[in-house]
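Coordinate analysis (summary)
Listed below are the residues making up each chain.
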Amino acid sequence: MKKKYILSFAILLVLSLALAACGGSKQLTMLTGGTGGTYYPLGGEISNIISDQTNTTVTPSTSNASAENIEALAEGEADIAFTQTDVMSNAADGINAFEGKAIDNVLAIGSLYPETIQIVTTKDSGITSVEDLKGKSVSVGAPGSGTYVNAEQILAAHGLDIETDIKAQKLDFDESTGGIQDGNIDAAFITAGTPTGSVEGLSATNEITIVPIAQDKIDELVKQFPYYAADTIPAGTYKLESDVTTVAVLAMLAVTDSLSEDDVYEITKAIYENTSKITHAKGKLISLDTALNGIGIDLHPGAEKYYKEKGLLD
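The following paragraphs examine the structure supplied in this document.

Rules of the game
Residues numbered from 1 in each chain as written. Predicted model: local features only at pLDDT ≥ 70, side-chain atom pairs only at ≥ 80, totals over all residues. Heavy atoms only, no water. Phe/Tyr/Trp six-rings, centres within 6.5 Å; stacked < 30°, edge-to-face > 60°. Lys NZ or Arg CZ within 6 Å of the ring centre and 35° of its normal. 1 Å grid on protein atoms, 1.4 Å probe; cavity = no way out; pocket = protein on both sides within 12 Å on 5 of 7 lines; lining within 4 Å. Points joined across faces, edges and corners; volume = space filled by probe spheres on them. Helix = DSSP H or I, 4+ residues; strand = E, 2+ residues; numbered from the N terminus. Nonpolar A, V, L, I, M, F, W, Y, C, P; charged D, E, K, R; others polar. Buried < 20%, exposed > 50% of the residue type's maximum accessible area, 1.4 Å probe, protein only. Pairing = 2+ DSSP bridges.

1. Remarks on the packing of aromatic side chains
Summed over the entire model, instances satisfying the criterion amount to seven aromatic pairs. An aromatic cluster of at least three residues, connected via ring pairs, comprises Tyr265, Tyr272, Tyr306 and Tyr307. Here the basic side chain of Lys305 rests over the ring of Tyr265, its NZ or CZ set 4.9 Å away from the ring centre.

2. Here we look at the layout of surface pockets
By volume, the largest pocket amounts to about 330 Å³. Taken together, 19 residues make up the lining of the largest pocket; nearest its centre are Lys123, Ile208, Thr209, Ile210 and Leu240. By residue number, the principal contributor to the lining of the largest pocket is strand β8 (residues 208-210), which donates three residues. When its residues are assigned to classes, the lining of the largest pocket shows seven nonpolar, seven polar and five charged. Of the pockets and cavities examined, the second largest pocket occupies roughly 240 Å³. The wall of the second largest pocket is formed by 25 residues, among which Gly33, Gly34, Asn64, Ala65 and Phe173 lie closest to the centre. Of all the secondary structure elements, the ones that give two or more residues to the lining of the second largest pocket are α2 (39-53), α5 (146-157), α6 (173-182) and β7 (187-192). Tallied by class, the residues present in the lining of the second largest pocket amount to seven nonpolar, 15 polar and three charged.

3. Brief notes about the pairing of strand β10 (residues 244-256)
Most of β10 sits out of view: eleven of its 13 residues are buried. Bridging between strand β3 (residues 80-84) and β10 involves five bridges; their strand directions are antiparallel. From the neighbouring strand, Gln84 faces β10, where its bridge partner is Ala251. Here strand β4 (residues 106-122) runs beside β10; their pairing, made up of eight bridges, is antiparallel. Each residue of the ladder has a partner; that of Val106, found in β10, is Thr256.

Pasting the structure below:
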């Protein structure tokens, strides 16, 4: 009998130590994106901040990002997720990738930073405009990604159909840049914060070009889809010789509505009051001042409580 008590105590001690090491008693999963993008490394840092600052341990996980992440939240397969503001808006409205299945049980925590639409190719490809993509083998993003929707809309603005006018390849970021490096594809759409890891990797071995979007097409896209904003990739990024004009959407964090108000309040507070601890380059762009930018769905009550406390909402 004494041995059983000793064994039980030992098990409880190990469990207690493991729980203490985790930093919180509640376990949540955060879906990010592919390892070659921005979501994955940034999600790891944000998960650590939440785990350190709250009674909740958040574990980041790779995914195909955006649309897939929203569906996973809606189905109860994850708790927190990165997505694009435009894709979240589509999900709420039941359009594009969410045709006929509007999602109403996913709510917003807040927006993070601009995600730039980058049309990546090599300097020797001969591709200098979006129209030059016609007939080419082009990666348009992983299935279920926001990149695919961006590619479809940008191509359409230039009179190109994603299914018939290009040889569309549905690849993630690492597969896309690997395909360009191997000569298997000509160009790739990549929607991510710049600099993007997979594109940086490609630029280390190849002289790359980011295809610009002309100003009249930028104006057309912003007018038709208000979640787009004009953006510029500065010279020097990826060793580019000059600035490149393009468009961007916003990255945001969404959450399942099954999480409690108190938990989401603490999570929101932890993120926006500890941005200085984020070492990723995009951490400099995450701010409480812009946390409500581009949010086209309802806030979780916990996030709403925090923003009211900070005077951002009435």
